[in-house]
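Read off the chains here:
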Amino acid sequence: METIVKFIIIKENLIFILKIMSCVTEKNFIDKKSDHCIFFRVYEKKLIVVSINEFLEVIYIYPIKEFCENGFFSVSLKKIINIIKVIPNNSYIEFIKNNEELLININYLKFRICLSSENFFYNFTINNDFSFYISSLQLQTIYKKVFFSVAENDVRTYLNGILFDLQENLLYVVSSDGHRLSMYKLNFLNNNLFFKQIIISGKSFQNIVNIFQKSENIKVVVYDNYIKFMTENIIVKTNLLVGKYPEYLNLLNNLNGNFLICNKQELLDIFLRVSVLDKKIDCIIKMILINDNLFLSTYNNIKEYVEDKTKIVYYDGKDITLAFNAKYIIDILNVVNFEFVLMIISDSKSAVIVESFDCNIEDIKFLKNFQINNLRKRNDSIYILMPIRL
């Protein structure tokens, strides 16, 4: 006779678990014909819920206080979500698996649905590989600082991911789509462990950030070809991408040029104004620097024209004309934290460095003797942007 599986859970707790399970599905998955199944297992007074896709494996462990019977089953996530929507708040929901059916009981409200035949395989084994801790807030900051420049479906697979590179007490996190590069660094104090470079899929990292929204420390365990993010209740596993990431520090150190300092908000505002007629991802804006004036202009595909001008705080180079993808530079300016932004420009064809500038801009003598390395020690993020050839 088929073993009966039984457990009880309050609606709000189940909703929280299902939201985490939904992170591994496609957006708007409920409206799609294809369904996504999740796996439930009751074992030793714990409810283990598993959701898997081609990139990610998510496990949630929920302690059961009420009476339960051990066993397992898989069921449509879409069906469970639709049922939960019509259940009154604060209800205790009883799940009973009997043969090939799942019974869901809430007082006088009862559902009988079919189970899925899909099988799940997961592994709780934790070896003594390299591990470190990172907070959910740090993960969210990394996402904000570098995710926007991750490539999508690039033939260079490693560019579709985010590089994590631990060097002594600094963790460098880098992304690039070939047109721009973002680098963010975190201090890892008292860390004497060896850490090789690893690359995590951009899609997987986005889902991981969505899963760990609660403020908590996360244990990260690195294996040869995959990585796990773990808390007391959640385990997320994703495969690592294969490839050699570009030498980003050498690229950064070899870029030199003239200093352009602008008020960050004023520079962001003028780029937003000039790009208003052309919201396409490839809106090109011409930027002309003459003395202490910055001129921006663009045409759209029907020859409509926008031009604007603003004052710059400081520039020590010759007059120059460059062009940038508007979206790329707006993305960077949106994550700069300080009042002023520094751009290092050598010529109209070479990469441009963009970073926060927190020094005393009123002392021109100081700026003339400015040491970029001193600023780099304070800045937690640096961006490299390729201009567009006119």
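Residues numbered from 1 in each chain as written. Predicted model: local features only at pLDDT ≥ 70, side-chain atom pairs only at ≥ 80, totals over all residues. Heavy atoms only, no water.

1. Comments concerning empty space enclosed by the protein
Spelled out, the test is: Both cavities and pockets are sets of points on a 1 Å grid over the protein atoms alone; in a cavity a 1.4 Å probe fits but cannot get out, in a pocket the set is open with protein on both sides within 12 Å along at least five of seven lines, and lining residues sit with an atom within 4 Å of a point. Grid points are joined across faces, edges and corners, and a volume is the space filled by probe spheres set on the points. Only DSSP runs of H or I with at least four residues qualify as helices, and only runs of E with at least two residues qualify as strands; both kinds are numbered from the N terminus onward. Only Asp, Glu, Lys and Arg are considered charged in this grouping, and only Ala, Val, Leu, Ile, Met, Phe, Trp, Tyr, Cys and Pro are considered nonpolar; every other residue, Gly among them, is considered polar.
Within this structure, the stated rule accounts for 2 cavities of 30 Å³ or more. When its volume is computed, the largest cavity comes out at roughly 40 Å³. Looking at the lining of the largest cavity, the elements with two or more residues in it are strand 9 (130-135), strand 13 (198-201) and strand 15 (226-230). Each residue belonging to the lining of the largest cavity can be placed in one class, and the counts come to 9 nonpolar, no polar and no charged. Empty space within the second largest cavity amounts to approximately 30 Å³. Around the second largest cavity, the lining residues are Leu181, Met183, Tyr248, Leu252, Ile382 and Ile384. Looking at the lining of the second largest cavity, the elements that each hand over two or more residues are strand 12 (180-187), helix 5 (248-253) and strand 25 (381-385).

2. Some words on helix 6 (residues 264-274)
Definition in use: Exposure classes here rest on a 1.4 Å probe applied to the protein chains alone. A residue is buried below 20% of its type maximum, exposed above 50%, and partly exposed in between. The directions from the helix axis to the C-beta atoms are what the arc is built from. Contact criterion: two residues are considered in contact whenever any of their non-hydrogen atoms come within 4.5 Å of each other.
Burial in helix 6 covers these residues: Lys264, Leu267, Leu268, Ile270, Phe271 and Val274. Along the axis of helix 6, the buried residues cluster in a sector spanning 165°; they form a single face. Residues of helix 6 that are buried make contact with strand 17 (258-263), strand 18 (284-290), strand 19 (293-299), strand 20 (305-311), helix 7 (326-335) and strand 23 (340-345).

3. A few points about the pattern of salt bridges
When charged atoms on two side chains of opposite charge get close, those side chains can pair. Selection criterion: Basic side-chain nitrogens of Lys or Arg form a salt bridge, by our definition, when they fall within 4 Å of a carboxyl oxygen of Asp or Glu.
Inspection of the entire model under this criterion finds 9 salt bridges. Of the charged contacts, one joins Arg156 and Asp154 as a salt bridge, the two residues approaching to 3.0 Å between their closest N and O atoms. The salt bridge partner of Asp308 is Arg273, with a shortest N-O separation of 2.7 Å. With Asp308 in strand 20 and Arg273 in helix 6, this pair connects stretches of sequence that are 35 residues apart. Residue Asp308 is classed as partly exposed on the basis of its relative accessible area, which comes to 22%. Each of Asp177, Arg180, Lys327 and Asp331 takes part in a single network of salt bridges with overlapping partners.

4. Here we look at the packing of aromatic side chains
Our working definition: Between rings of Phe, Tyr and Trp, where Trp is taken as its six-membered ring, a pair exists when centres lie within 6.5 Å; planes separated by under 30 degrees are stacked, by over 60 edge-to-face, and by other angles tilted.
Enumeration over the complete set of coordinates arrives at 14 aromatic pairs. Consider the rings of Phe16 and Tyr60, whose centres lie 6.0 Å apart with planes at 75°: the pair is edge-to-face. Here Phe16 is found in helix 1 (residues 11-22), whereas its partner Tyr60 is found in strand 4 (residues 56-63), with 44 residues between them in sequence. Overall, Phe16 belongs to the partly exposed group, its relative accessible area being 39%. The interplanar angle of 45° and the centroid separation of 4.8 Å between the aromatic rings of Tyr299 and Tyr305 together place this pair among those described as tilted.

5. Points about the sheet that holds strand 16 (residues 234-239)
Operational definition: Pairing between strands is defined by DSSP: at least two bridges between the two strands are required. Inter-axis angles, ranging from 0 to 180 degrees, are taken between N-to-C directions of lines fitted to C-alpha atoms, where helices are fitted over the stretch in contact.
An order of 5-2-3-4-16-15-14-9 is seen for the 8 strands of this open sheet, with the pairing classed as antiparallel. Bordering the open sheet on either side are strand 5 (71-76) and strand 9, each of which pairs with just one other strand. On average, each strand axis in the sheet is tilted by 20° relative to the strand beside it, whichever way the strands run. Pairing of strand 2 (residues 37-43) with strand 5, which is carried by 6 bridges, proceeds in the antiparallel orientation. The residue of strand 5 that forms the bridge with Arg41 is Phe72. Each of strand 2, strand 3 (46-52), strand 4 and strand 16 is contacted by helix 1, which is oriented at about 165° to strand 4, the strand it contacts most.

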